[in-house]
Amino acid sequence: MRKIGVIDCTTLDGLLADPTTSSALKVVIKAWSGRDCLDAEHDARLLHAALVRDVDHRLGLAP
């Protein structure tokens, strides 16, 4: 678990309060804050999988 001072960055509020959290991630957190949390988690997992695949492809680790 990553902590900055006394800020717990494992929560959405913690990520929003963390000055090292990218502005892009903060925008997503704020935009998704009113969504059903299970739907948001599902979409986040899909996005994560797609980004991992894209990075692997760019690094020549996947077709």
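Residues numbered from 1 in each chain as written. Predicted model: local features only at pLDDT ≥ 70, side-chain atom pairs only at ≥ 80, totals over all residues. Heavy atoms only, no water.

Caption draft 1: Structural view of the pattern of salt bridges. This structure, assessed with the given rule, holds three salt bridges. Of the charged contacts in the structure, one is a salt bridge between Glu41 and Arg45, with a shortest N-O distance of 2.8 Å. Remark: Arg45 and Glu41 occur in helix α3 (residues 37-58); sequence separation between them is four residues, near one turn of the helix. Judged by relative accessible area, Arg45 falls into the exposed class, the value being 56%. (Salt bridge = Lys/Arg side-chain N within 4 Å of Asp/Glu carboxyl O. Helix = DSSP H or I, 4+ residues; strand = E, 2+ residues; numbered from the N terminus. Buried < 20%, exposed > 50% of the residue type's maximum accessible area, 1.4 Å probe, protein only.)

Caption draft 2: Up close: the side chain of Lys26. With respect to the secondary-structure elements, Lys26 resides in helix α2 (residues 23-32). Buried and unpaired, Lys26 has no salt bridge, with Asp18 as the nearest side chain of opposite charge at 6.6 Å. Polar contacts involving the side chain of Lys26 include one to the main-chain carbonyl oxygen of Leu16, which spans 3.3 Å. Ignoring any residue separated from it by four or fewer positions in sequence, one finds Lys26 in contact with Leu15, Leu16, Asp18, Pro19 and Thr21. (Lys, Arg positive; Asp, Glu negative; His and termini not counted. Polar contact = N/O pair within 3.5 Å; in protein donor to acceptor, adjacent residues only side chain to side chain. Contact = heavy atoms within 4.5 Å.)

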